[in-house]
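Reading the structure
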Amino acid sequence: MSQDEKELATYRNLLAFAGIVYLLWWFAVNDLFPTAVNPLPGRMFVVLFCFSAWILSYFSSTIARHTRLLFICSTWVITGHFFYLFFKNSGSINWVVGSFITVSAISLGLLSAEALFFYSAFVATLSFLMFALLPSVHQSLLLPGLFTILLQANIALNSRLKVIKNLAASNERFQLLFNSSFEGILVHEQGEIIAVNDSLARMFGYSRGEVLGLNIANLVHPDDRKLIAIKQTLPEVAPYEVRGITKHGSYVDIEVRGKPCIYDGRPARLVTVQDLKDRKKAEQEKIAFLTMTENVRLRDEFLSIASHELKTPLSSLKLQSQLIERDIKNGKMNISPPEIFFDATRIFNRQIERLTELVEAMLDVSRISTGRLTLDKRKVDFAHRLRDILTALQIHNENGPPLPTILVEAPPQLLMIGDPIRLDQIAENLLTNAIKYGDGKDIQVYLRAEGPEALLVVQDHGLGIAPEYKEKIFDRFERAISARKISGLGLGLYITRKIVEAHGGTISVKSDLGEGSTFTVRLPLS
Ligand code: ADP
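Attention in this report is confined to the structure presented alongside it. A quick note: this is a predicted structure, and the numbers were derived from the prediction, not measured. (Residues numbered from 1 in each chain as written. Predicted model: local features only at pLDDT ≥ 70, side-chain atom pairs only at ≥ 80, totals over all residues. Heavy atoms only, no water.)

Examining unusual backbone geometry
To keep it simple, the criterion reads: A run of H or I in DSSP becomes a helix once it reaches four residues, and a run of E becomes a strand once it reaches two; helices and strands are each numbered from the N terminus. The buried label applies to any residue whose accessible area, calculated with a 1.4 Å probe on protein chains only, is under 20% of its type's maximum; exposed applies above 50%, and partly exposed to all values in between.
For Q190, which is not a glycine, the phi torsion comes out positive at approximately 55°. Within the element layout of this structure, Q190 appears in the loop between β1 (184–189) and β2 (192–196). For Q190, a relative accessible area of 79% translates into the label exposed. In the Ramachandran plot, D264 falls in the positive-phi region, its phi being about 50° despite a non-glycine side chain. Checked against the element boundaries, D264 lands in the loop between β4 (251–263) and β5 (266–275).

Things to note about the pattern of salt bridges
Under the convention used in this document: Each salt bridge in this description consists of a side-chain nitrogen of Lys or Arg and a carboxyl oxygen of Asp or Glu lying within 4 Å of one another.
Across all of its chains, the model carries 18 salt bridges by this definition. As a salt-bridge pair, R497 and D475 come within 3.4 Å of each other at their nearest N and O atoms. In this pair, R497 sits in helix α15 (residues 492–502) while D475 sits in the loop between β10 (453–459) and α15, placing the two residues 22 residues apart along the sequence. Overall, R497 belongs to the buried group, its relative accessible area being 17%. Since its relative accessible area comes to 35%, D475 is described here as partly exposed. E501 is the salt-bridge partner of R497, the closest N and O atoms lying 3.2 Å from each other.

Some remarks on helix α14 (residues 420–437)
Defined as follows: One less than the number of residues in a helix, times 1.5 Å, gives the span that helix is expected to have. Here a polar contact is taken to be a pair of N or O atoms separated by no more than 3.5 Å, where protein atoms must pair a possible hydrogen donor with a possible acceptor and residues adjacent in sequence count only if both atoms sit in side chains.
Here α14 contains 18 residues, and its C-alpha end-to-end distance of 26 Å stays within 8% of the 26 Å for a straight helix at 1.5 Å per residue. Counting buried positions along α14 yields 14 of 18 residues, so the element is predominantly enclosed. Capping the start of α14 is the job of one residue whose side-chain oxygen sits 3.1 Å from the backbone nitrogen of I421: D419. Note on α14: the residue one or two positions beyond its end, D439, has a positive phi of about 60°.

Quick notes on the packing of helix α2 (residues 40–59) against helix α4 (residues 67–88)
In plain terms, the rule: What counts as an axis is a line fitted to C-alpha atoms, over the stretch in contact for a helix, and the angles between N-to-C directions run from 0 to 180 degrees. Any angle that falls under 35 degrees is termed roughly parallel, while one over 145 is termed roughly antiparallel, one within 65 to 115 roughly perpendicular, and all others oblique. The contact criterion used throughout is that any non-hydrogen atoms of two residues lie within 4.5 Å. Nonpolar residues are Ala, Val, Leu, Ile, Met, Phe, Trp, Tyr, Cys and Pro. Charged residues are Asp, Glu, Lys and Arg, and all others, Gly as well, are polar.
α4 packs onto α2 with a crossing angle of 170° between their chain directions and a minimal axis gap of 10 Å. Comparing their axes, α4 and α2 come out roughly antiparallel. The segment α2 lies against α4, with G42, R43, F45, V46, F49, C50, A53 and S57 engaging T67, L70, C73, S74, V77, I78 and H81. Class assignment for the residues of the contact of α2 with α4 results in nine nonpolar, five polar and one charged.

Topic: the nonpolar core
Condition: In this text, buried Ala, Val, Leu, Ile, Met, Phe, Trp, Tyr and Cys residues form a nonpolar core when linked through side-chain atoms within 4.5 Å.
In this structure, I426, L430 and L456 are the most contacted members of the largest nonpolar core, which totals 49 residues. Among the elements that take part in this core, α14 stands out by supplying seven residues, more than any other. Not counting residues within four places of it along the chain, the set of residues in contact with I426 comprises L456, T496, I499, V500, V521 and L523. Counting residues in each nonpolar core, the second largest holds 31 residues, with L14, W26, V29 and Y119 among its members.

Some words on the site of the ligand
The test is simple: In these notes, residues near a molecule or strand are those with any non-hydrogen atom within 4 Å of it. Values of accessible area rely on a 1.4 Å probe in the Shrake-Rupley scheme; residue burial ignores everything except the protein chains shown.
Neighbouring the ligand are 19 residues, the closest being N433, Y437, D460, R479 and L493. Interatomic distance of 2.5 Å between a side-chain N/O atom of R479 and an oxygen atom of the ligand. Taking A480, its main chain carries an N or O atom lying 2.9 Å from an oxygen atom of the ligand. For the ligand, the accessible surface in isolation is 520 Å², of which the surrounding protein chains cover 96%. Elements that contribute at least two residues to the shell around the ligand include exactly α14, α15 and β12 (516–524). Sort the elements by how many residues they give to the shell around the ligand and α14 lands first, with three residues. In the shell around the ligand, the residues fall into nine nonpolar, six polar and four charged.

With respect to the sheet that holds strand β7 (residues 406–409)
The following threshold applies: When DSSP finds at least two bridges between two strands, those strands are taken to pair.
Pairing within the open sheet is mixed, and its five strands lie in the order β7-β9-β10-β12-β11. The two strands at the open ends of the sheet, each matched to only one other strand, are β7 and β11 (506–512). Neighbouring strand axes in the sheet, compared pairwise and without regard to direction, differ in orientation by 10° on average. Two elements, β7 and strand β9 (residues 443–450), share four bridges in a ladder whose sense is parallel. Across the sheet, residue L407 finds its bridge partner in β9, namely Q444.

Below is the structure:
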């Protein structure tokens, strides 16, 4: 329930209460003083006033908004009515008592000091009026007026005490929150610290008392004081990092945030300080956790791909050897002439080569991750080596499915400094990928010197790469295609990138799915 709703409920109850008390009094007076002057319209007016205000407050928002005022009015109406009866009954002591009781009851229901003040002034005025009009009963007449004033003093004093008690309790609560906050908080006036919480004092190795009166510059690393001084002149500033300096002279990384405020009625600045140690630790832990999870994922993925990749050539070798064994046993295979063997040994050799390549790739990855990839740099003719690689590829593939057409545009000679074996690996990996993923279409290879760099471009018109994989494929074990469609370990481009980077170069890819890919390598010539 909001504060407004609570207030409305209180005044509604008070209105209803006033009406009921008045009704009770009505019945009591009828019995006790049947001969007294007590006209019905007057009584009806009071009762109707209280009850109609009470009921209408539920239906009309305007009345609801003014319930407090209506209650105060009802108290005036009731009191006025009492004094009227008192006057009409020529100062009978019974009416004095009646008004006396009413005045005290109503005073207790008035919740604000001003309402009480004005009500007392009203009662006092009525008392003095009566005193003037009925001099014969002057002492008794003055009683209600005096009584309300005394009551007011008493209630005002009590409410003041209550306010003080509430203030003390809320101050205690505030101090508790202020001091138990995880953030350091301080207030300074022109740099001089005038309020500080426990967390801040602890952060800097001081007690709270020791920090009070210090200049904030004392808490900041000398190099950062200028920055702090500038920030102080700004209105609310976004959090920024500086180095704090503790009582013992050590540095702490902190994040500071400040804004102007009014403290003890004077302009000051409120500053919150956060120790970054815990946050940095949490961030590092998070990164370590994510890396670990990612490593576990990569390892599992690698194990499944590697075992599949290694198993395929091994199964093929096993099958071939079983076939030979069976044929020899059945006398189907005549060991001479030896050419008969060649078909089998060719398959053996191809599979063994594939296994060796896989193992080499894994060794390279292990070299890279342990920082053991060293380059044996010398003067190399990259154009010459590129042509050699292409020839080797053709020879190597003599008995395999036909290779696509590979068009090469390269100068007769391109001299540069690099590791020849590793440069071969770059060209080989890009070319074998272009063949593997090129869908049998033509492949273009360009090599030229461009300024201080050698530029190698390998372009195919095959499967292409989806945008979300373009960056990833240069990472370990990352593949843009399922192993069931085209086998591979996802290591070639990773190794290529690492070799290119070790030479101080860059590698990039332009590709659209289904449109082919263009890999561009730039290597410094010297
Ligand atoms: P692998 O070929 O063994 O999977 P790579 O590291 O050489 O490993 O390549 C990573 C991935 O990049 C491949 O799985 C493939 O999805 C994609 N890729 C590489 N080259 C090409 C290319 N020329 N065309 C289309 N996709 C390619």
